[in-house]
Amino acid sequence: MEILAYGVQADEKPLIEKAFADRHAVHCLDVFLNADTAPLAAGHEVISTSVNASLDASALRILATGGTKMIAQRSTGFNNIDLAVAEELGLTVARVSYYSPYAVAEFAWTLALAVNRRITRAALRTREFDFRLDGLMGRDIHGMTVGVIGTGKIGECFTRIAHGFGTRLLGWDVAENPACRELGMEYTPLEQLLAESDLVSLHVPLLPDTHHLIDDSALARMRPDAILVNSSRGGLVDTAALVERLRTGHLGGVALDVYEEETGLFFFDRSLEVVTDDTLARLMTFPQVLVTSHQAYFTSTAVGQIIDATLGNVDDFLAGRTSENTLIPRS
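Per chain, residue numbering runs from 1 following the sequence as it is written. Per-residue local features are limited, in this predicted model, to residues with pLDDT of at least 70; the limit for side-chain atom pairs, both in listing and counting, is 80 or more; totals at the level of whole chains, interfaces and linings are taken over all residues. Only hydrogens and water are set aside; all other atoms, that is, all heavy atoms of the structure, feed into the side-chain values.

The protein goes by 2-hydroxyacid dehydrogenase in an unreviewed UniProt entry, where it is assigned to Streptacidiphilus cavernicola. UniProt positions are given in the numbering used here, feature names are shortened, and annotations may be inferred rather than shown by experiment. Under the Sequence similarities (unreviewed entry) heading, UniProt states for the protein: "Belongs to the D-isomer specific 2-hydroxyacid dehydrogenase family."

Laid out in structure tokens, this is it:
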């Protein structure tokens with residue numbers, strides 16, 4: 001069987017080809033799946049997609065018409081898939097429910113430290129042989145109050161690192177994590193966490209209840225010099241409200257690896273084009289803001305685990321099995 005893989009990054013391609021080599025043929029595309037590119041899948045029973053695929057009703061119908069029966073998404077998140085329509089069309093859908101939580105947690109701390117210590121500004125200066133320290137003063141992480149919103153696998157890893165720095169730990173989640181409790185975390189209402197934290201990091205999934213969890217009222221509760229880190233999903237933060245708060249000088253730093261309108265932007269080279277997203281363009285003008293392009297998961301360890309899980313999902317589909325990764329079973 002030949003599997004068509006959409007949205008494959010250059011560094012990811014050899015890993016996919018090597019993993020699939022002995023069991024299935026795989027054809028890798030660097031284009032992302034949407035209604036315009038879905039016709040390319042015609043004749044492929046199984047396709048694999050990336051987190052930035054747009055699997056709306058129109059794309060799904062094109063896939064089903066072309067003979068696709070199974071979608072293996074190479075990510076944990078699946079808010080980009082219209083599951084109701086997929087089920088109606090008889091499409092099997094699977095995701096990767098687990099990969100290295102350390103990859104994302106470590107990157108979240110990389111962002112936090114870079115913003116706090118003004119690393120981007122410092123690096124740009126020294127490349128121009130400007131070695132002044134003006135405007136580069138940060139704060140000790142040791143002794144900070146760190147708020148962790150979402151204390152699942154990634155949130156727990158983030159908390160362990162925070163504990164190593166010697167911080168006071170606040171947590172918020174629908175269910176408490178005993179491992180975080182053992183590290184000294186105090187679970188509080190969200191309002192209290194936002195008000196008392198020097199640094200807030202987001203590690204919850206994007207669901208209807210968490211969409212714009214960090215809205216204008218939430219931002220207003222945060223300390224004026226607080227740092228906000230989002231390495232989870234862009235839709236957790238109301239970006240327009242964030243820009244307005246930054247305009248007033250509120251927040252000491254913002255580090256985003258995700259953006260709610262990232263589809264069509266992230267993973268592409270737009271450097272020679274006019275940026276039409278005014279919100280993102282304005283966000284990037286603030287000196288205390290650092291934006292990266294959804295790369296927190298992008299380590300060889302995590303990507304290898306994602307590929308292995310994806311291959312397992314394909315084998316499960318062919319054998320008629322289900323697993324914790326199955327979102328819609330084979331009909």
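A. How the structure looks around the UniProt feature "domain: D-isomer specific 2-hydroxyacid dehydrogenase NAD-binding" (unreviewed entry) in the protein. Per the UniProt record, the feature "domain: D-isomer specific 2-hydroxyacid dehydrogenase NAD-binding" (unreviewed entry) sits at residues 110-296. Measuring from the first to the last C-alpha atom of residues 110-296 gives 9 Å, for a span that is 33% helix and 14% strand. Numbering of helices and strands starts at the N terminus; helices are DSSP runs of H or I of at least 4 residues and strands are runs of E of at least 2.

B. Quick peek at the pairing of strand S1 (residues 2-5). Strand pairing is defined by DSSP finding a minimum of two bridges between the two strands. As defined by bridge partners, S1 adjoins strand S2 (residues 25-28) across four bridges and the pair is classed as parallel. Following the sheet pairing, Ile3 is matched in S2 by Val26. The pairing of S1 with strand S3 (residues 46-49) spans two bridges and is parallel. Across the sheet, residue Leu4 finds its bridge partner in S3, namely Ile47.

C. How the structure looks around the pairing of strand S4 (residues 70-73). Burial along S4 is two-sided: the face carrying Met70 and Ala72 and the face carrying Ile71 and Gln73 are both buried. For S3 and S4, the ladder comprises four bridges, and the chain directions are parallel. In the sheet register, Val46 faces S4, and the bridge partner there is Met70. A clockwise path from the first strand over the helix to the second, with the strands pointing away from the viewer, defines a right-handed crossover. Handedness of the β-α-β unit built from S3, helix H2 (residues 57-65) and S4 comes out right-handed. On the question of chirality, the crossover connecting S4 to the parallel strand S5 (residues 92-94) by way of helix H3 (residues 83-88) is right-handed. Whether a residue is buried, partly exposed or exposed follows from its accessible area with a 1.4 Å probe, protein chains only, as a fraction of its type maximum: under 20%, in between, or over 50%, in that order.

D. Layout of the side chain of Arg74. On the secondary structure map, Arg74 appears in the loop between S4 and H3. Whenever a nitrogen or oxygen atom comes within 3.5 Å of another N or O atom, the pair is scored as a polar contact, on the condition that within protein one atom can donate a hydrogen and the other can accept it, and that pairs from neighbouring residues in sequence are kept only if both atoms are in side chains. Polar side-chain contacts of Arg74 include one of 2.8 Å to the backbone oxygen of Tyr6. Those residues within four positions of Arg74 in sequence are excluded, and the remaining contacts are Ala5, Tyr6, Gly7, Val8, Glu12, Ile16, Ser48, Thr49, Ser50, Val96, Ile306 and Thr310. Contacts are residue-level and defined by heavy atoms, with any inter-residue pair within 4.5 Å sufficient.

E. Molecular detail of the side chain of Thr151. Following the sequence through the fold, Thr151 ends up in the loop between strand S6 (145-149) and helix H6 (153-165). You can call Thr151 buried: its relative accessible area is 2%. Contact partners of Thr151, with chain neighbours within four places excluded, come to Glu156, Trp172, Asp173, Ala175, Asn177, Cys180, Met185 and Tyr187.

F. Structural context of the packing of helix H1 (residues 13-20) against helix H12 (residues 300-319). Here H1 crosses H12 at 40°, and the two axes come no closer than 10 Å. Taken together, H1 and H12 sit at an angle that is classed as oblique. At the point where H1 passes H12, the crossing takes the right-handed sense. Together, Leu15, Ile16, Ala19 and Phe20 of H1 and Val303, Ile307, Asp308, Thr310 and Leu311 of H12 make up the contact between the two elements. Three residue categories are used. Nonpolar comprises Ala, Val, Leu, Ile, Met, Phe, Trp, Tyr, Cys and Pro, charged comprises Asp, Glu, Lys and Arg, and polar comprises the others, including Gly. Here the residues of the contact of H1 with H12 are counted per class, giving seven nonpolar, one polar and one charged. Between the N-to-C directions of two axes lies an angle of 0 to 180 degrees, each axis being a line fitted to C-alpha atoms and, for a helix, fitted only over the stretch in contact. Oblique is the label for every angle not falling under 35 degrees (roughly parallel), over 145 degrees (roughly antiparallel), or within 65 to 115 degrees (roughly perpendicular). Take the far helix as the reference: if the near one is turned anticlockwise from it by less than a right angle, the crossing is left-handed, and if turned clockwise, right-handed.

G. Structural view of the sheet that holds strand S11 (residues 253-256). As summarised here, the arrangement of the seven strands in space is S8-S7-S6-S9-S10-S11-S12, forming an open sheet in which the pairing is parallel. The open sheet has two edge strands, strand S8 (186-187) and strand S12 (289-291), and neither has a second partner. The pairing of strand S7 (residues 168-172) with S8 spans two bridges and is parallel. Looking at the pairing, Leu170 lines up with Glu186 of S8. Strand contacts of helix H4 (residues 101-116): S6, strand S9 (199-202), strand S10 (227-230), S11 and S12, with the helix running at about 150° to S10, the strand carrying the most contacts.

H. Inspection of the sheet that holds S3 at higher detail. One open sheet holds the six strands; their spatial order is S2-S1-S3-S4-S5-S13, and the pairing between them is mixed. Two strands bound the open sheet, and with one partner strand each, they are S2 and strand S13 (326-328). On average, each strand axis in the sheet is tilted by 25° relative to the strand beside it, whichever way the strands run. Most of the contacts of H1 go to S2, to which it runs at about 165°, and overall it touches S1 and S2. Helix-sheet contacts for H12 involve S1, S3, S4 and S5, and the interaxial angle to S4 is about 160°.

I. Up close: the nonpolar core. Definition of nonpolar core: a set of buried residues of the types Ala, Val, Leu, Ile, Met, Phe, Trp, Tyr and Cys, connected through side-chain atoms within 4.5 Å. In this structure, Trp109, Val146, Phe158, Leu199 and Val229 are the most contacted members of the largest nonpolar core, which totals 50 residues. Those residues in contact with Val229 that lie beyond four places of it in its chain are Ala108, Leu111, Ala112, Leu199, Val200, Ser201, Leu202 and Ala255. Among the nonpolar cores identified, the runner-up in size contains 31 residues, and Val204, Leu206, Leu236 and Tyr259 belong to it.

J. Representation of the packing of H4 against H6. Two elements in contact, H4 and H6, have axes separated by 8 Å at closest approach and are oriented at 50°. Here H4 lies oblique to H6, going by the angle between them. Read as a crossing pair, H4 and H6 show a hand that is right-handed. Contacts between H4 and H6 pair Pro101, Tyr102, Val104, Ala105, Glu106, Ala108, Trp109 and Leu113 from the former with Lys153, Ile154, Cys157, Phe158, Ile161, Ala162 and Phe165 from the latter.

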